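# Chains, contacts and geometry: an overview
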Amino acid sequence: SLHGPVRSYDPDMTQQPGFYTSRISAFQSDIIPDNYYYSTSNSFWVGETCTDADDLPTPSLSYPYEGQVIYTHHPSVKVEFSWFVEPTHPVGCLPDDFNGQIATDPDFTQNVVNIVTGPGLPTHGESETALNRCRTYYWHVRGMLDEVGGPWSETQSFRIRPGGDGWCFSDLVAQATVNLS
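Report follows, based on the coordinates. (Residues numbered from 1 in each chain as written. Predicted model: local features only at pLDDT ≥ 70, side-chain atom pairs only at ≥ 80, totals over all residues. Heavy atoms only, no water.)

### Description of the environment of S62
For S62, the location among the structural elements is in strand β4 (residues 60–63). The residues touching S62, leaving out its near neighbours within four places in the chain, are S82, W83, F84 and W139. (Helix = DSSP H or I, 4+ residues; strand = E, 2+ residues; numbered from the N terminus. Contact = heavy atoms within 4.5 Å.)

Written out as structure tokens, the structure reads:
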């Protein structure tokens, strides 16, 4: 991978399979100021698209990370998710789509909501419906090939809480229980 400013691009440059992120910035000659501005990031995949469902890689989860608390002033919010495929995966292939789920229990049997991916690189998505505050949610993702699902990623949890000085009744009950013991 490349880090730091690159002054030219060579289309014959060999890259290992994996996801890459690029962004650009204008600067003058060899003078790069400390606070120059970048464009928005763009991601792309280098490598093959999976052709066999047995080769589907297990995705790694990025955001929300395990145990993250998301604060909002709204009663419910659509949450954004991101994940990636390890470039060191033995096959080095990208699924043609991903399937993600969110639930209120770690076994994904209650209140299951889908993660909807957008056009282009399908490693980002958002909850199909708005998620309520004062709840803990669990999520996982798997690669898909022709409607066949690969292995699920690990499951991670996150919590949505009120922003500012807001509070959740369930947190107060838990705190009162701890204080009584």
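Additional details are given in the paragraphs that follow.
### Quick word on a negative patch on the surface
Side chains of D96, D97, D146 and E147 sit close together on the surface and give a patch of like negative charge. By secondary structure assignment, the location of E147 is in the loop between β13 (135–145) and β14 (148–152). (Patch = residues over 30% accessible without salt bridge, like charges linked within 9 Å, V, L, I, M, F, W, Y side chains within 5 Å. Areas by Shrake-Rupley, 256 points an atom, 1.4 Å probe, with all protein chains shown as cover. Salt bridge = Lys/Arg side-chain N within 4 Å of Asp/Glu carboxyl O. Lys, Arg positive; Asp, Glu negative; His and termini not counted. Charge placed at Lys NZ, Arg CZ, Asp CG, Glu CD.)

### What to know about unusual backbone geometry
Omega for the peptide link from Y63 to P64 comes to -5°, which places this bond in the cis form. Mapped onto the fold, P64 is located in the loop between β4 and β5 (68–72). We note that C134 has phi near 65°; this positive angle belongs to a residue other than glycine. One can find C134 in the loop between β12 (131–132) and β13. By relative accessible area, which is 27% here, C134 ends up partly exposed. (Buried < 20%, exposed > 50% of the residue type's maximum accessible area, 1.4 Å probe, protein only.)

### Some remarks on the pattern of salt bridges
Counted according to the given criterion, the structure contains 1 salt bridge. Between E126 and K78 there is a salt bridge; the shortest N-O distance is 3.8 Å. On the criterion of sequence distance, the pair formed by E126 in strand β11 (residues 124–127) and K78 in the loop between β6 (76–77) and β7 (80–84) is long-range, its members being 48 residues apart.

### Focus: the pairing of strand β10 (residues 113–117)
Two strands pair when backbone bridges link them, and strand β9 (residues 97–103) and β10 are joined in this way by 3 bridges, in the antiparallel orientation. Within β10, the residue paired with G100 across the bridge is I115. As paired elements, β10 and β11 share 3 bridges and run antiparallel to each other. The residue of β11 that forms the bridge with V116 is E126. (Pairing = 2+ DSSP bridges.)

### As for the nonpolar core
By size, the foremost hydrophobic cluster in this structure holds 17 residues, and its most contacted members are F81, W83, I102, L131, W139 and F158. Among the secondary structure elements, those contributing two or more residues to this core are β7, β9, β10, β13 and β15 (156–162). For this core, the element with the highest residue contribution is β13, accounting for 3 residues. Sequence-distant contacts of L131, defined by excluding residues within four places in its chain, comprise P75, S76, V77, V79, I102, V113, Y137, F158 and I160. (Core = buried A, V, L, I, M, F, W, Y, C linked by side-chain atoms within 4.5 Å.)

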